[in-house]
Amino acid sequence: MADLLTLGVLISGSGSNLQSIIDQIERGALNARIASVISNNSEAYGLTRAQKHGIPHTVLNHQDFENREDFDREMLRVLTDAGVELVVLAGFMRILSPFFLRAFPDRIINIHPALLPAFPGTHVQQKALDYGVRFSGCTVHFVDEGVDTGPIIIQAVVPVFAGDTAQTLADRILKEEHKIYPQAIRYFADGRIVKNGRRVEIRDAGSQDAALCNPPLDR
Ligand code: GAR
């Protein structure tokens, strides 16, 4: 068996994506281990999840630091001490400094609850509803210096329904997040990701050519 990929997971809130990664590791479906969970929010439920599973976890409150770089330097220290190879942003609501990004080149990934490049930033489920799109979804991407602009690894699409609220849409998207994030990490762990500028190739990923229409075409 190949060596386990060592993950550091950064969170700010509920940590349901963290949980989906923990579950797949514990099920033996993901050849990785989580060496460190860091939250910038001491109230984040994700910390309780880490604790329940015996995962080392640290609270670093960004407000306790003079500036972004000092905060990032401390995160970097914790992650480096833990031997982290891949940094996984799972609902982490902070922008990372160039200094931090340079420490993990092509080794920081994020999950975003929209089909990038549509709707970067925050409150994106509401923005998708307000725009009137028929589909939204989620995206796992490499993190670069922009906000939600890095090369895309995997996306999942969900329909938007007439009666949706931001919450019902968020719930539908979140279910897919829990599938594609562990999958993206598995690509990494198995060495299947080939990055060519913006374009990311996944070795042996298969393909599916079914088109989706929402509403569906009349029969
Ligand atoms: C998820 O929907 C994730 O995509 C989003 O926050 C939620 C975190 O949920 N992330 C962002 O919006 C990042 N800009 P979780 O704490 O239950 O994993």
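So, here is what we can say about the structure in this document.

The rules behind these values
- Residues numbered from 1 in each chain as written.
- Predicted model: local features only at pLDDT ≥ 70, side-chain atom pairs only at ≥ 80, totals over all residues.
- Heavy atoms only, no water.
- Helix = DSSP H or I, 4+ residues; strand = E, 2+ residues; numbered from the N terminus.
- Contact = heavy atoms within 4.5 Å.
- Expected span 1.5 Å × (residues − 1).
- Bend = angle between axes of the 7 residues up to and from the residue.
- 1 Å grid on protein atoms, 1.4 Å probe; cavity = no way out; pocket = protein on both sides within 12 Å on 5 of 7 lines; lining within 4 Å.
- Points joined across faces, edges and corners; volume = space filled by probe spheres on them.
- Nonpolar A, V, L, I, M, F, W, Y, C, P; charged D, E, K, R; others polar.

## A few points about the environment of Cys138
1) Next: Its location among the elements puts Cys138 in strand E6 (residues 135-142).
2) Next: A C-alpha to C-alpha distance of 4.4 Å links Cys138 and Pro113, two positions 25 residues apart in sequence.
3) Next: Setting aside chain neighbours within four positions, we find Cys138 in contact with His112, Pro113, Ala114, Leu115, Ile154, Gln155, Ala156, Ile173, Glu176, Glu177 and Ile180.

## Considering helix H6 (residues 166-189)
1) Next: For H6, spanning 24 residues, the distance from its first C-alpha to its last is 34 Å, which sits close to the expected 34 Å at 1.5 Å a residue.
2) Next: Residue Glu177 marks the point of greatest curvature in H6, where the axis turns by about 25°.
3) Next: Gly191 occupies a position one or two residues after H6 and carries a positive phi of about 65°.

## A few points about the layout of surface pockets
The probe, sized like a water molecule, is rolled over the atoms to show the empty space still left.
1) Next: Space inside the largest pocket adds up to approximately 920 Å³.
2) Next: In terms of lining, the largest pocket is formed by 36 residues, of which the most central are Gly91, Phe92, Met93, Ile111 and Pro113.
3) Next: No other element matches the five residues that H6 contributes to the lining of the largest pocket.
4) Next: Looking at the lining of the largest pocket residue by residue, the class counts come to 14 nonpolar, 16 polar and six charged.
5) Next: Approximately 440 Å³ is the volume attributed to the second largest pocket.
6) Next: Lining the second largest pocket are 17 residues, with Ile153, Ile154, Gln155, Tyr187 and Gln208 positioned closest to its centre.
7) Next: Secondary-structure elements contributing two or more residues to the lining of the second largest pocket are strand E7 (152-159) and strand E9 (199-202).
8) Next: Residue contributions to the lining of the second largest pocket peak at six residues, all from E7.

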